[in-house]
Amino acid sequence: MVKRNERHLLALLVCLVLGAGLLAAVLGASHLRGPQRAAADGAGDSVDVREVPPGPAEPAPVGPDASTGTVTVDCGRNEERHYNEDNLVVSPGLHGGAHHTHAYVGNLSADARSTDAALAAAATSCRGGDRSTYYWPVLRRTDRPGTRPYERTAGHGNAGEVLTEASVSVEFHGNAASKVVPMPRFLRAVTGDAVALTARSDADVRARWGCSGLPDRSTTQYPRCPEGDRVTRTLAFPSCWNGLDGDSANHRSHLVFPAANGVCPKDTFPVPQLRVRLAYDVAPGTPLAVDSFPEQRHSPRTDHAMFVNAMTDAQMAAVVDCLNEGRTCRT
């Protein structure tokens, strides 16, 4: 009987020791914050871009109706330091609803409380007067603490020095199969998947990472670029509109992507395709982390962007004419 009790006591002590070790590990992990946690999350999710095979070429224009023009909208590179944790498209009216910091170009008033009327009346960073809002989650280097106001207030597990964009390209492209029609004013659009790490499929993963010196190669991982190259992010938006709605319950079904050959699904109409390309000056080996929801662990696959079209009808008509006539334009 004594020996049996001794065995029970020994088993109990082993359980207590193992439990204490597990608790210490959990507590230790929970105390990883900011740059340490971000670096741990993203450290293994990178690739040398030189090992990435070249991607598929742009779809070639098909037939006489293809719209082959390009319109570049000069909106600067957020020299105004327009940042917030709002998401006007996905969480309108909810301050801090993004749970991560967004950077903006275009409309200088855009935040969660923006109305269509407010956007139409606001100042803009775009030289040609486009009051649309273009925004995306910031990219941070996690080996340096943030010291600027919008970095110190960042929460939700996002920390580190925000990298300012060395360049921001905002372009509209046509359709490889047909002419495009105007976007409706105040159309909302989303590209990419902010919850890609925990999603059941990669269907909405659209953002691509790369290096400036190898533009034909892209990846959904953080790229390790050769010395002298800029890290790039390319965010292409859907461009087949249902002809009725400026938004939808899931912020996607009213505006979808065309097929690989440019053909839009039945009962949708091709509109100008927005592409936002961001570039950063970072040294090789710099640890990077895109802002994300905490459970998404700064995965590069969660990169995304949003857009609200606030062009006037005349401005949008000029974009459509340029694309449909196959010209190269700049506003």
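In what follows, the accompanying structure is described.

1. A few points about the overall build of the chain
Then, in step 1: Looking only at helices and strands, one finds five helices and 19 strands in the chain.
Then, in step 2: Within the chain, the proportion of its 331 residues that are buried is 46%.
Then, in step 3: A separation of at least 24 residues holds for 74% of the contacts in the chain among residues at least 6 apart in sequence.

2. Overview of the sheet that holds strand S5 (residues 133-137)
Then, in step 1: The five strands are arranged S3-S4-S5-S18-S9 in an open sheet whose pairing can be described as antiparallel. Both outer strands of the open sheet, strand S3 (83-84) and strand S9 (188-192), are each paired with one neighbouring strand and no more.
Then, in step 2: Of the pairings in the sheet, the one linking strand S4 (residues 102-106) to S5 comprises five bridges and is antiparallel in character. Residue pairing in the sheet places histidine 102 in a bridge with proline 137 of S5.

3. Considering helix H5 (residues 313-324)
Then, in step 1: Helix length check: H5, at 12 residues, gives a terminal C-alpha distance of 16 Å against a target of 16 Å (1.5 Å per residue), a fit within 8%.
Then, in step 2: For H5, the set of buried residues is Met316, Val319, Val320, Cys322, Leu323 and Asn324.
Then, in step 3: Of the residues flanking the end of H5, it is glycine 326, one or two places downstream, whose phi is positive at about 75°.

4. A closer look at the pattern of salt bridges
Then, in step 1: Under the counting rule described, the total for this entry stands at 16 salt bridges.
Then, in step 2: Two residues, arginine 50 and aspartate 48, come together in a salt bridge whose shortest N-O distance is 3.1 Å.
Then, in step 3: What makes aspartate 48 buried here is its relative accessible area of 14%.
Then, in step 4: Measuring nitrogen to oxygen at the nearest pair gives 3.3 Å for the salt bridge that ties arginine 113 to aspartate 111.
Then, in step 5: The exposure class of arginine 113 is exposed, given its relative accessible area of 52%.
Then, in step 6: Taken together, the shared-partner salt bridges connect Arg144, Arg148, Glu151 and Glu161 into one network.

Parameters and conventions
- Residues numbered from 1 in each chain as written.
- Predicted model: local features only at pLDDT ≥ 70, side-chain atom pairs only at ≥ 80, totals over all residues.
- Heavy atoms only, no water.
- Helix = DSSP H or I, 4+ residues; strand = E, 2+ residues; numbered from the N terminus.
- Buried < 20%, exposed > 50% of the residue type's maximum accessible area, 1.4 Å probe, protein only.
- Contact = heavy atoms within 4.5 Å.
- Pairing = 2+ DSSP bridges.
- Expected span 1.5 Å × (residues − 1).
- Salt bridge = Lys/Arg side-chain N within 4 Å of Asp/Glu carboxyl O.

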